[in-house]
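# Structure at a glance
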Amino acid sequence: MNVVALPSKFHNLDRLKTEVSVPPCLCLGEKELSLLFCNFNAISDAAGKILCRIALTSGAFLADDLRELRNLTEALAPADDARRKLVDLLSLCFGEDGSAGAFAVRSANTIEDSSSRSFAGLYETFLDIRGSADMLDAIRAVWLSAYSRTVITERIHAGLLDDSNPMNVIIQRMVPATHAGVAFSRNPVTGADTILVEIVSGRGDSLVSGQRAGDRYAIDRGRPDGCTVADQADHKIILDAVLPLLRRVEQQLGPVDIEWAWDGQTVWLLQARPITSIDRIEASSEPMLVVVDLYGQDGAVLEQMRPLPDFISYFRDKRMRIAEFARRHHLGVATALVLKLNRGGIELSAFSSEVVGAFGSDEVILDFSASFRQIILPRDGLADELRMLMSDPLRLHTIVVRDFIRGDVGIITHVADMQDAVVGEWSSDGLLAINRGTAETRVFRLAGPGDEDDDLPQVAVGQLYDATLAAHREIGPVQIEWVMSGSCVYPLDFSVLSAQSMFAGAVEGTAISRGYAFAPTLVLDDDRDLEILSIAPSVSLTDIPDASEMGPVLARLLARIGSYPVAPIVVCRRPLAALAPLLPLVSGFVFERAAVLSHLSILIREKGLPAAQAPELYAYARAKNSLLIDIGDSIVISSPGEGAADLGHVPVNSSETDGDEHAYA
């Protein structure tokens, strides 16, 4: 195995074995695991793609992704000669009869026990394993533990959820321990310069797991040894051996905690990891829960929570304006709470009354961290979700919980052409689907509060018209995003529009954006990963994202675009938000169906790219190698030099067209 790529846990032991007593151990990397399991490479590659998707979507679909991961990894199967190959590997490391005796089988991820994150206790460990059959089962179980919910969520929080951190497995000779324990070179909670040692009789796994309480010794660094603090004679001998071991390890790794075993003569180093909690996280040994209305007027309490995570500051600074606007105009206001709490705070009665009880919807949106956001879950399941996410019971987290108002329809509106008319688009697929480009939508235009729409309640039409004009006066040229539940409308967010991005076309029009282009076509087939990425919170709805940060799906598209001699015209079914990074690299778009007020449609208009939507146009464009698009007062799409296509009932205007040319009034 390449020493540079050694996982921290194994690397720490390997570098210390010349300084202290370390039981012989073997690290199984991807090469060795692929020998033992016949489908290891295929499963590992597929799992890496799922991890990449979880990272790109900020865990918004974590339950589905974990289910897919579990089904995938559970199919890991041993090779026909796996036991023989395992015995050969053991013999190379431990001697001719390497498989004899008892072993510990532990995790060794490349991010585990590093200087920034320990991931302590999250992976499986098996002790006293004997025989190649049981060892093979233990190796498989340890590797699978890398894909548990607990590990995945912790990796999301750490920003380490990518497939460049492979999972390895350590096989280590068991020490016939009379005593074992842990030792810290500094207090891991307070950071005090005090050595802590805990001792139990027998093996130390029950101490590490919290099942047993050991004898604890706090030792001032000024004391030369531990003799004066130990009550039992055998403990004095053990401390005299453990303290020099701890000091030598600390010289190599800095502030450190170790697991050790004493066989009556020698103290053995089993694991060593840097203490990662010092000066890094805020914690409380007492249950803590602070609840603040994100859109409320009591800014003093919220100020005490600063520095706030960036995503909370965004909600407070921007969405508070729309919440205040809604209150002034007697519109619906969705509840949003900022919570500062540890795991003990979930058990306080106030969590049920002040948090769960504050929400009127059956579902809530949880924003747990910048990398784990927009998790929709049942309101009554919030406590259980937080318990699973808080792997450290003392650590304090500042999070946001919001009402998820699913509603009957999602709506987007803005003032048309700076006049007293309102253009809007609605869909029963919901607001998120409109924004992200996956919805079936209807466009409407309101000339006054008395206008009618066959599918929207009249009271909602009046509210939408009056409030959109009021927002234009009070906030500026903005596009308002709404959810309608019954006859009540909730303004949830807004975005500032430029004159170029506004849509004022005919209700039944097929034009999304005016412009001209003549280029080869880039036809995109349906892509589930692209659709998932489009509805992820990591995709910006305010600007064009950097394609290099959006994973392999966009990388493949960029490679295809790079193979064209000129910027192509994209032909696809929907205006998916994840396509936004392509805007500087393409000449135009043809869609089958498109929400004209979706994120991508707005950005297309801002960039001045031509774009149109209609099933017939889409079918026509898919069959062509190149297109000419000219969208002004009419839509002209042609493919010079190719045979004509039958567009059936699609209307053609009265102007003359040459060749295979089609124009829409």
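Residues numbered from 1 in each chain as written. Predicted model: local features only at pLDDT ≥ 70, side-chain atom pairs only at ≥ 80, totals over all residues. Heavy atoms only, no water.

Before going further, it helps to examine the overall build of the protein chain. Tallying secondary structure elements over the protein chain gives 20 helices and 27 strands in all. Taken across its 665 residues, the protein chain has 54% of its residues classed as buried. Sequence-distant contacts in the protein chain: of pairs separated by 6 or more residues, those separated by 24 or more amount to 65%. Summed over its atoms, the accessible surface of the protein chain is roughly 28200 Å², and 48% of this surface lies on carbon and sulfur atoms. (Helix = DSSP H or I, 4+ residues; strand = E, 2+ residues; numbered from the N terminus. Buried < 20%, exposed > 50% of the residue type's maximum accessible area, 1.4 Å probe, protein only. Contact = heavy atoms within 4.5 Å. Areas by Shrake-Rupley, 256 points an atom, 1.4 Å probe, with all protein chains shown as cover.)

Attention now moves to helix H5 (residues 82-94). For H5, which comprises 13 residues, the first-to-last C-alpha distance of 18 Å matches the rise-based estimate of 18 Å (1.5 Å per residue) to within 8%. Packed against the buried residues of H5 are strand E1 (25-28), helix H2 (30-36), strand E2 (103-107), helix H6 (132-144) and strand E4 (169-173). A positive backbone phi angle near 115 degrees is found at glycine 95, which sits one or two residues after H5. (Expected span 1.5 Å × (residues − 1).)

Ordered by their spatial adjacency, 4 strands build an open sheet running E1-E4-E2-E3, and the pairing between neighbours is antiparallel. In this open sheet, the two edge strands, each paired with only one partner strand, are E1 and strand E3 (126-129). Strand-to-strand twist across the sheet, computed as the mean angle between neighbouring axes with direction ignored, equals 20 degrees. Direction of pairing for E1 relative to E4: antiparallel, over a ladder of 4 bridges. When the bridges of E4 are listed, leucine 26 appears paired with isoleucine 171. On top of the sheet, H5 reaches E1, E2 and E4; it is set at about 135 degrees to E1, its chief contact. Each of E1, E2, E3 and E4 is contacted by H6, which is oriented at about 20 degrees to E2, the strand it contacts most. (Pairing = 2+ DSSP bridges. Axes fitted to C-alpha atoms, helices over the stretch in contact; angles between N-to-C directions.)

So, about the packing of aromatic side chains. Following the criterion strictly, the structure yields 4 aromatic pairs and no others. Geometrically, the ring pair formed by phenylalanine 589 and phenylalanine 591 is stacked, given 5.4 Å between the ring centres and 10 degrees between the ring planes. By the burial criterion, phenylalanine 589 is buried, and phenylalanine 591 matches it. Connected via pairs of aromatic rings, a cluster forms that spans Phe40, Trp143 and Tyr147. (Phe/Tyr/Trp six-rings, centres within 6.5 Å; stacked < 30°, edge-to-face > 60°.)

Let's shift gears to the nonpolar core. Counting 64 residues, the largest nonpolar core has Ile139, Ile171, Phe351, Leu366 and Leu386 as its most contacted members. Top contributing element to this core by residue count: H6, with 7 residues. Non-local contacts of leucine 386, meaning those with residues more than four positions away in its chain, are made with Leu341, Ile346, Phe351, Leu366, Phe368 and Ile399. Judged by nonpolar contacts, the second largest core, of 43 residues, contains Ile412, Ala416, Leu522 and Leu533. (Core = buried A, V, L, I, M, F, W, Y, C linked by side-chain atoms within 4.5 Å.)

Another aspect to go through is the pattern of salt bridges. Counted under the stated rule, the structure contains 26 salt bridges. Here glutamate 385 and arginine 149 are joined by a salt bridge, their closest N and O atoms 2.4 Å apart. Separated by 236 residues along the polypeptide, glutamate 385 in helix H14 (residues 382-389) and arginine 149 in helix H7 (residues 149-158) bring together distant segments of the chain. Its relative accessible area of 24% is what places arginine 149 among the partly exposed residues. (Salt bridge = Lys/Arg side-chain N within 4 Å of Asp/Glu carboxyl O.)

Right, let's get into the sheet that holds strand E6 (residues 194-201). Across the sheet, 5 strands lie side by side as E7-E6-E5-E8-E9; this open sheet has antiparallel pairing. Where the open sheet ends on each side, the last strands, each with one partner, are strand E7 (215-220) and strand E9 (267-274). The sheet shows a mean angle of 20 degrees between the axes of neighbouring strands, direction not considered. Strand direction decides the pairing type here: strand E5 (residues 179-184) and E6, joined by 6 bridges, are antiparallel. Directly across from histidine 179, in E6, lies its bridge partner serine 201. Of the strands in this sheet, E5, E6, E7, strand E8 (256-262) and E9 are in contact with helix H9 (residues 233-253), which crosses E8 at around 140 degrees.

Here we come to the pairing of strand E16 (residues 422-427). Within E16, 6 of the 6 residues are buried, leaving the element largely enclosed by the surrounding structure. A two-sided burial pattern is seen for E16, the buried positions comprising Val422, Gly424 and Trp426 on one face and Val423, Glu425 and Ser427 on the other. Alignment of strand E15 (residues 409-415) against E16, held across 6 bridges, turns out to be antiparallel. The residue bridging isoleucine 411 from the neighbouring strand is tryptophan 426, located in E16. Taken together, the 5 bridges between E16 and strand E17 (residues 442-446) define a ladder with antiparallel strand orientation. Bridge pairing links valine 423 to arginine 445 in E17.

Once that is clear, we can look at the side chain of asparagine 342. With respect to the secondary-structure elements, asparagine 342 resides in the loop between strand E11 (336-341) and helix H12 (343-346). There is a polar contact of 3.0 Å between the side chain of asparagine 342 and the backbone nitrogen of methionine 288. When sequence neighbours within four positions are dropped, the list of residues in contact with asparagine 342 reads Ser284, Glu286, Pro287, Met288, Met390, Pro393, Leu394, Arg395 and Leu396. (Polar contact = N/O pair within 3.5 Å; in protein donor to acceptor, adjacent residues only side chain to side chain.)

Burial runs high along E2: 5 of the 5 residues are buried. Side chains Phe103, Val105 and Ser107 of E2 all project onto a buried face; the interleaved residues Ala104 and Arg106 project onto the opposite face, where all are buried too. As paired strands, E2 and E3 are joined by 2 bridges and run antiparallel to one another. Along E3, the bridge assignment pairs valine 105 with phenylalanine 126. Inspection of the sheet shows E2 paired to E4 by 5 bridges, in the antiparallel sense. Across the sheet, phenylalanine 103 pairs through a bridge with arginine 173, a residue of E4.

On to the confidence of the model for the protein chain. In this model, the protein chain carries an average pLDDT of 82, and 82% of its residues clear a pLDDT of 70 or more. Within the model, the stretch residues 1-6 combines pLDDT values under 50 with 11 contacts to residues more than four positions away or in other chains. Note that residues 643-665 has pLDDT below 50 and, in this model, 41 contacts with residues that lie over four places away or in other chains. (pLDDT = per-residue confidence, 0-100.)

So, on to the packing of helix H3 (residues 40-56) against helix H4 (residues 62-73). As a packed pair, H3 and H4 sit with axes 10 Å apart at the nearest point and diverge in direction by 175 degrees. Relative to H4, the element H3 lies roughly antiparallel. Contacts between H3 and H4 involve Ile43, Ala46, Ala47, Ile50, Leu51, Arg53 and Ile54 on the former and, on the latter, Leu62, Asp65, Glu68, Leu69, Leu72 and Thr73. Tallied by class, the residues present in the contact of H3 with H4 amount to 9 nonpolar, 1 polar and 3 charged. (Parallel < 35°, antiparallel > 145°, perpendicular 65-115°, else oblique. Nonpolar A, V, L, I, M, F, W, Y, C, P; charged D, E, K, R; others polar.)

Let us look at unusual backbone geometry. A positive phi angle, near 55 degrees, is found at aspartate 128, a position not held by glycine. Looking at the secondary structure, you find aspartate 128 in strand E3. Accessibility expressed as a relative area gives 35% for aspartate 128, which makes it partly exposed. The phi dihedral of histidine 330 falls on the positive side, at around 60 degrees, and the residue is not glycine. In this structure, histidine 330 sits in the loop between helix H11 (310-328) and E11. The class of histidine 330 is exposed, set by a relative accessible area of 71%.

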